[in-house]
Amino acid sequence: MIISTRSRPKDTMNRFTGNVLLDELIASARARPHVTAVVEAKTGRSLSFEELLARAATAGRSMVAAGARPGSNVVVTGALDLDFVVACFGAFTENITPALLDPNSPEATLRQCIDELEATVWVTTSKLDDTLGLTHFDPTGLAALTTAEEAEPRWSPTCDVLDPILMLYTSGTTGIPKGVPWASRELSSQIRYYSAATEVQTEFCLFPHLALVAIAIGRTAVLPDVTTLQPLKIPIDSVHRQMMKHGCDYVFASPLVWDRLVRFLEESGEEAPPIKIAATAGSALSGRLIERISSTLPRTTVRIPFASTEAVMPITVIDAPEFVYLSKTRTYAGAGVPLGAVADEMSVGVVPIESDESDFSIGRSSLASMEVGEIVVTGSRVTRTYFRRPDVECHAKLRDVVTERVWHRTADLGYIDDKGRLWFVCRKKDVIRRAGGGDLYPDALEQMWNMATGASISAVVYSEPSDELFYVLPGDSVAEVDEFVLNLQADRADVPRPTVVTLSGSLPADVRHNSKVDRPSVLRIVESQQEANEGVRG
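Residues numbered from 1 in each chain as written. Predicted model: local features only at pLDDT ≥ 70, side-chain atom pairs only at ≥ 80, totals over all residues. Heavy atoms only, no water.

Undergrad: What should I look at first to understand the pattern of salt bridges in this one?
TA: Pairing of side chains with opposite charge becomes possible as their charged atoms draw close. Across all of its chains, the model carries 29 salt bridges by this definition. Across the salt bridge formed by Glu203 and Arg219, the nearest N and O atoms sit 2.8 Å from each other. Of this pair, Glu203 sits in strand β9 (residues 202–204) while Arg219 sits in the loop between α6 (208–217) and β10 (220–223), and the two are 16 residues apart along the sequence. Summarising the burial analysis for this pair, Glu203 and Arg219 share the class buried. For Arg409, the salt bridge identified is with Glu374, shortest N-O distance 3.4 Å. Linking Arg409 in strand β19 (residues 406–416) with Glu374 in strand β17 (residues 373–379), this pair joins segments that are 35 residues apart in sequence. The buried category is assigned to Glu374, whose relative accessible area is 1%. (Salt bridge = Lys/Arg side-chain N within 4 Å of Asp/Glu carboxyl O. Helix = DSSP H or I, 4+ residues; strand = E, 2+ residues; numbered from the N terminus. Buried < 20%, exposed > 50% of the residue type's maximum accessible area, 1.4 Å probe, protein only.)

Next up, the structure:
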């Protein structure tokens, strides 16, 4: 057999740069130049794929003129708007890696991350502290920038498939935030996975990096008009109007956002947005919430992917019907949160919590089904390094001495059931170790009791001095508490019976990860209340 290729037309030469996000934009700009790539809900402005590429090329040259170096990092913070998107793709055109930092992080944390990045330029609309020593690159107006000549540059390879093209930082819930470099290898796999959903044309983006990936997939990224992306502060009524106006075929949001949207629709009687796929994830996920989302959005596929910053979505996937069934039959009895079957191009395992990283083999280390341990993952969407953190890397990245594959320790505890499905019970750092023995898994207990009470969010905390377990609800909870049922569940799950506490306000959120409940703060509030009550009774 002879396979021949015809020479390509001259204008398609030098087509790939090695940066998959940029390469997919280039391909879309050629194949569908006038199709909308991104729309800004605040102003109604939009850019086609062709326009976005041209603006990005100009922005990249301006960034270099400001002092950014090809092959280096730039710090990027600010609003999720057209200028943000153009700035990021502009960095890609010059082989510069955008490092997306949370501007709400403590100053000391930001300084440490900036020092680690060795960046010379900070892309932001905010005023910079002169002591940081960075050049301020204000992206305002980049999306409106036009040049006399908008001819497409002759793209050439600038990076390898394993080179970092985007840098995200972990939330820092287990310590100092860690830089996680995402390469074309991981993002190509994610793009392949999500491109299969051909019914999705628009994606309503509540996470900055997801907007970049949506554009690379070929979707129209809708950028919301919000002043914050924190789940508890997003204006739900406004977001609903924006979804109705600009499109929302696919939406990934935290459980808190979905809970607030469902409540808004129930209370206002407004029409449900035309979402085709509603995705959510997180330890605050309850079967009752998924049931309510499915009921409120009856024409929507509700999907739960499992992922982390170090393992790009999805690791596993489960849809609402199976999730709700397993929640009612097994989560109700304390089995934890079902995460579902392993997604394409990924593998999962469960190993002892303190696995020896120096002589690791998944074949020797894997625990039997139903046995709780640490979840480890490998595959084409798993990152291989941390940025300049060899101390963390040597512990979190396990190289199999037999296969040479790199497995990532998620710091999540769970197990694989007899059907091959993955289950989550809690974060490793959150395990409650009682003096009398018998570990308790607070996430599994929260969801167990939430199934009985109907609560969307709660916190299980343990007071060591009194050896007392508390099931804590926010002041606005719609939970219906029957302590007899909660005690019966506790007895069946062989855990202590809970003391139910309802706070006067919301459950405090972790400042480093605003969609997670801050359990230590909850415990301090509960213990303070208990002491006050003891004082009154005394």
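Undergrad: How do you make sense of helix α14 (residues 483–493) when you look at a structure like this?
TA: Spacing of three or four residues puts side chains on the same side of an α-helix, whose turn is 3.6 residues. Listed as buried for α14 are Leu486, Asn487, Gln489 and Ala490. Across the axial projection of α14, the buried residues extend over an arc of 160°, all falling on one side. Of the exposed residues in α14, the ones pointing more than 90 degrees away from its buried face are Phe484 and Arg492. On the buried face of α14, the contacting elements are α13 (442–453), β24 (468–473) and β25 (499–502). (Arc of directions from axis to C-beta. Contact = heavy atoms within 4.5 Å.)

Undergrad: When you look at the sheet that holds strand β5 (residues 121–123) in this model, what are you seeing that I'm missing?
TA: In a beta sheet, neighbouring strands pair by backbone hydrogen bonds and run either parallel or antiparallel. Pairing is mixed across the open sheet formed by 6 strands, whose spatial order is β6-β5-β3-β4-β7-β8. Strands with a single pairing partner mark the edges of an open sheet, and in this sheet they are β6 (135–137) and β8 (179–183). If you compare each strand with its neighbour and ignore which way they point, the axes differ by 30° on average. Here β5 runs beside β6; their pairing, made up of 3 bridges, is parallel. Each bridged residue has a counterpart across the sheet, and for Trp122 the counterpart in β6 is His136. (Pairing = 2+ DSSP bridges. Axes fitted to C-alpha atoms, helices over the stretch in contact; angles between N-to-C directions.)

Undergrad: What exactly am I supposed to notice about unusual backbone geometry here?
TA: Most peptide bonds are trans, and most residues other than glycine sit at a negative phi. The peptide bond linking Met313 to Pro314 adopts the cis configuration, its omega dihedral lying at -10°. Tracing the chain through its elements places Pro314 in strand β14 (residues 311–319). Located in the positive-phi region is Asp467, a residue other than glycine, with phi close to 50°. In this structure Asp467 comes out as partly exposed when scored by relative accessible area, which is 42%.

Undergrad: What is the right way to read the environment of Val372 from this model?
TA: Topologically, Val372 is positioned in the loop between α11 (362–365) and β17. The spatial distance from the C-alpha of Val372 to the C-alpha of Trp258 is 29 Å, given a sequence separation of 114 residues. The residues contacting Val372, other than those within four sequence positions of it, are Val350, Leu367, Leu413, Gly414, Tyr415, Val425 and Tyr441.

Undergrad: Is there a simple way to explain the environment of Leu22 in this structure?
TA: Tracing the backbone shows Leu22 in helix α1 (residues 20–31). Residue Leu22 is classed as buried on the basis of its relative accessible area of 0%. Between the C-alpha atoms of Leu22 and Met448, which are 426 residues apart in sequence, the distance is 45 Å. Excluding its chain neighbours within four sequence positions, the residues that come into contact with Leu22 are Thr17, Leu53, Phe89, Phe92, Thr93 and Trp155.

Undergrad: Help me understand the packing of helix α8 (residues 255–268) against helix α9 (residues 287–296) in this model?
TA: When two helices pack together, their arrangement is given by the angle between their axes and by how far apart the axes lie. In contact at an axis separation of 10 Å, α8 and α9 are set at 45° when each is read in the N-to-C sense. Judged on the interaxial angle alone, α9 and α8 are oblique. For α8 against α9, the interelement crossing comes out left-handed. Contacts from Pro255, Trp258, Asp259, Val262, Arg263, Leu265 and Glu266 of α8 reach α9 at Leu289, Arg292, Ile293 and Thr296. (Parallel < 35°, antiparallel > 145°, perpendicular 65-115°, else oblique. Left-handed = near helix turned anticlockwise from the far one by under 90°.)

In short, shape yes, function no, at least from these values alone.
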